[in-house]
Amino acid sequence: MAKEYGLVLHGGAGTLVKDEMTAEKERMYRSALLRALSAGEEVLKNNGDALDAVIVTVKVLEQEPLFNAGVGAVMTHEGVHELDASLMEGKERKAAAVCAVRRIESPISLCRMVMDSEFVMLNGEGAEQFAKEQGVPVVSNSHFTTTLRKEQLEEAKKNNRVQLDHTDNREKYGTVGAVAIDKNGTLAAATSTGGMTNKRYGRIGDSALIGSGTWADNRNCAVSATGYGEFFIRSAVASRIASMMEYGGLSLADAGFKVINHEVGDIGGDGGVISIDKDGNIACPFNSEGMYRAWVKEGTTLTTAIFTDDAVAHE
Ligand code: ASP
């Protein structure tokens with residue numbers, strides 16, 4: 001029996017404190033979220049795969065300078081961009097990830113190619129070599145740079161703030177991601193990020209890690225995470241939600257709530273996830289002040305939300 005499609009995306013958690021949100025900023029963020037959601041929905045409407053839908057959605061967000069992925073990605077201590085991304089589909093649990101790539105315009109698209117190879121995870125120059133052999137043109141690292149990210153790095157360095165400083169809540173996590181179910185009932189999840197400002201030593205976050213930042217399994221759910229990556233890795237966030245459903249009998253909403261508020265929250269981490277289950281239920285739990293997100297289910301209106309009680313249905 002054909003299933004109804006559904007798509008959810010995020011543009012990061014905890015990126016803005018409510019007091020700093022102006023009407024103009026809000027309009028910009030909501031319309032960027034809508035553009036990405038509409039692009040992904042188009043794929044699902046036309047009987048496309050969940051995998052293609054999440055890739056298309058994340059690609060739009062990677063090109064959008066407002067978010068911390070692709071253009072607009074944050075900078076490392078050395079003043080460059082190192083991008084992480086991962087991708088998974090739920091039918092055969094095929095998965096792919098790239099990390100610390102510097103010259104790949106769309107890390108999520110490269111993940112799609114890795115998925116078709118014998119490997120799951122490629123890093124840095126090796127991943128770029130693989131891309132070149134697949135005919136993917138490389139771009140210069142400065143392609144991703146924006147004035148805001150340069151200023152943020154300067155500020156972090158000036159204050160001698162370590163890369164994962166927790167005190168400044170501004171513009172912190174702007175990772176992007178998407179989860180979807182298609183009309184065949186296949187689930188998929190995708191996540192892409194620049195990581196954390198002022199990161200160094202080749203630091204890799206949860207967004208590159210299958211099981212932490214990204215997970216999809218047709219038996220239960222698809223999840224994409226955003227937040228303080230170290231805590232998300234230590235909590236195996238995305239696959240833990242799936243396991244709690246599979247073996248603990250929890251609903252998607254209960255599993256997500258427990259993992260974000262207890263597994264992650266209890267050890268000091270913050271952030272959130274977007275998730276969708278095999279029946280098309282959607283849950284977006286977060287323990288940060290906000291999480292840019294948007295969702296649509298077949299036959300319903302596109303909805304965006306940033307903080308807790310501000311969902312707007314866009315006619
Ligand atoms: N989770 C990402 C990381 O730790 C950051 C983010 O969500 O923006 O690299």
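Everything below is about the structure shown above.
As a starting point, this report considers the structure included with it.

We now examine the overall build of the protein. Across its full length, the protein carries eight helices and 13 strands. By the compact-globule yardstick of 20 Å for 315 residues, the protein fits well, its C-alpha radius of gyration being 18 Å. C-alpha atoms of the protein, sized along the principal axes, occupy 55 × 50 × 40 Å. Taken as a whole, the protein presents about 12700 Å² of accessible surface, with 48% of it coming from carbon and sulfur. Charge-centre separation for the protein: the mean point of 33 positive side chains lies 2 Å from the mean point of 44 negative side chains.

Bringing the sheet that holds strand β12 (residues 302-305) into the picture now. Strand pairing within a sheet occurs via backbone hydrogen bonds; the two strands may be parallel or antiparallel. Taken in spatial order, the nine strands of this open sheet run β4-β3-β2-β6-β5-β1-β11-β12-β13, and their pairing is mixed. Of all strands in the sheet, those with a lone pairing partner are β4 (121-123) and β13 (312-314), marking the two edges. Mean inter-strand twist for the sheet, computed between neighbouring axes without regard to direction, equals 10°. Across the sheet, helix α3 (residues 107-115) touches β2 (83-89), β3 (95-101), β4 and β6 (187-193), and the angle it forms with β2 is around 50°. Sheet strands touched by helix α4 (residues 124-133): β3 and β4. Its angle to β4, the strand with the most contacts, is close to 105°.

Moving on, we get to the layout of surface pockets. The computed volume of the largest pocket comes to approximately 200 Å³. Around the largest pocket sit Asp49, Ala50, Leu51, Asp52, Glu89, Lys91, Glu92, Lys94, Arg112, Asp182, Asn184 and Thr186, which together line it. Its residues placed into classes, the lining of the largest pocket shows two nonpolar, two polar and eight charged.

Before going further, it helps to spend a moment on helix α5 (residues 147-158). In a regular helix each residue adds 1.5 Å, so 12 residues correspond to 16 Å; α5 covers 16 Å between its end C-alpha atoms and thus fits that length. Arg149, Gln152, Leu153 and Ala156 are the residues of α5 that are buried. Along the axis of α5, the buried positions cluster into a sector of 100°, meaning they face one direction only. Every exposed residue of α5 that faces more than 90 degrees away from the buried side is listed here: Thr147 and Lys158.

Attention now moves to empty space enclosed by the protein. What the rule picks out here adds up to four cavities of 30 Å³ or more. Within this model, the second largest cavity holds a volume of roughly 80 Å³. Along its surface, the second largest cavity is lined by 16 residues, and Thr175, Thr193, Asp206, Ser207 and Gly227 are the ones closest to its centre. Residue composition of the lining of the second largest cavity, by class: two nonpolar, 10 polar and four charged.

Moving on, we get to the site of the ligand. In the vicinity of the ligand, the contacting residues are Tyr173, Gly174, Thr175, Gly195, Met196, Arg203, Gly205, Asp206, Ser207, Thr226, Gly227 and Gly229. Backbone polar atom of Gly174 to an oxygen atom of the ligand: 3.2 Å apart, as the coordinates give it. Between the ligand and Thr175 there is a distance of 2.5 Å, counted from an oxygen atom to a side-chain nitrogen or oxygen. Summarising the interface, the protein chains cover 100% of the accessible area of the ligand, which totals 270 Å² for the free molecule. For the ligand, the cavity whose grid points lie within 2 Å of the majority of its atoms is the second largest cavity. Classifying every residue of the shell around the ligand by side-chain character gives two nonpolar, eight polar and two charged.

On to the packing of helix α2 (residues 50-62) against α3, then. Geometrically, a packed helix pair is captured by the angle between its two axes and the distance between the axes. With their axes 8 Å apart at the nearest point, α2 and α3 run at an angle of 150° to one another. On the basis of their axis angle, the class for α2 and α3 is roughly antiparallel. In this structure, α2 uses Leu51, Ile55, Val58, Lys59 and Glu62 to contact α3, whose residues at the interface are Pro107, Ile108, Ser109, Arg112 and Met115. Classifying every residue of the contact of α2 with α3 by side-chain character gives six nonpolar, one polar and three charged.

Spatially, β7-β8-β9-β10 is the arrangement adopted by the four strands of the open sheet, whose pairing is antiparallel. At either end of the open sheet lies a strand with only one pairing partner, and these are β7 (214-216) and β10 (282-283). Here strand β8 (residues 221-227) pairs with strand β9 (residues 271-277) via seven bridges, running antiparallel. Of the residues in β9, the one forming a bridge with Ser224 is Ile274. Contacts from helix α7 (residues 237-248) reach β7, β8 and β9, with the element oriented near 145° to β8. In this fold helix α8 (residues 252-264) packs onto β8, β9 and β10, with an angle of close to 160° to the strand it touches most, β9.

On any regular strand, side chains alternate: one points to one face of the sheet, the next to the other face. A large share of β2 lies buried, amounting to seven of its seven residues. On β2, burial covers both faces: Leu83, Ala85, Leu87 and Glu89 on one face and Asp84, Ser86 and Met88 on the other are all buried. Pairing of β2 with β3 involves five bridges; the strand directions are antiparallel. Bridge pairing in β3 places Ser86 opposite Ala97. The antiparallel hairpin formed by β2 and β3 contains five residues in its connecting segment, where Arg93 sits at a positive phi of about 50°. Relative to β6, β2 is paired through six bridges, and the arrangement is antiparallel. For Asp84, the partnering residue across the bridge sits in β6 and is Thr193.

Conventions used here
Counting of residues starts from 1 at the beginning of each chain's written sequence and follows it residue by residue. Only residues with pLDDT of 70 or above have their local features reported here, since the model is predicted, and side-chain atom pairs are shown and tallied only from 80 upward, although totals for entire chains, interfaces and linings are computed over all residues. To obtain the side-chain values, all non-hydrogen atoms of the structure were used and water was disregarded. Here a helix means four or more residues in a row that DSSP labels H or I, a strand means two or more in a row labelled E, and each is numbered from the N terminus. Only C-alpha atoms enter the radius of gyration; for comparison, a globular chain is expected to reach 2.2 Å times N to the power 0.38, where N is the number of residues. Calculation of accessible area relied on Shrake-Rupley with a 1.4 Å probe; when residues are assessed, cover is drawn exclusively from the protein chains displayed. All tallies of charge rest on Lys and Arg as positive and Asp and Glu as negative; His and the ends of each chain are not included. The location of each charge is read from NZ of Lys, CZ of Arg, CG of Asp or CD of Glu. Should DSSP find at least two bridges between two strands, the strands are regarded as paired. Axes here refer to lines fitted to C-alpha atoms; in helices the fit is confined to the stretch in contact. Angles between the N-to-C directions go from 0 to 180 degrees. We call two residues in contact when some of their heavy atoms are within 4.5 Å. Put plainly, a pocket is an open set of points on a 1 Å grid over the protein atoms alone with protein on both sides within 12 Å along at least five of seven lines, a cavity is a set where a 1.4 Å probe fits but cannot get out, and a lining residue has an atom within 4 Å of a point. Grid points are joined across faces, edges and corners, and a volume is the space filled by probe spheres set on the points. Residue type decides the class: Asp, Glu, Lys and Arg count as charged, Ala, Val, Leu, Ile, Met, Phe, Trp, Tyr, Cys and Pro as nonpolar, and the leftover types, Gly among them, as polar. Multiplying 1.5 Å by the residue count of a helix minus one yields the expected span of that helix. Three exposure classes are used, based on accessible area relative to the maximum for each residue type with a 1.4 Å probe and protein chains only: buried under 20%, partly exposed in between, and exposed over 50%. The arc in question is the one spanned by the directions pointing from the helix axis to the C-beta atoms. Think of it this way: one heavy atom of a residue within 4 Å of a molecule or strand is enough to make that residue near it. Polar contacts, as counted here, are pairs of nitrogen or oxygen atoms within 3.5 Å of one another; within protein the pair requires one atom able to donate a hydrogen and one able to accept it, and residues that are adjacent in sequence qualify only if both atoms are side-chain atoms. To decide whether a molecule occupies a pocket or cavity, check its atoms: if more than half lie within 2 Å of the grid points, it is inside. An angle below 35 degrees is read as roughly parallel, one above 145 as roughly antiparallel, one from 65 to 115 as roughly perpendicular, and any other as oblique.

Bear in mind that shape data such as this cannot, by itself, settle questions of function.
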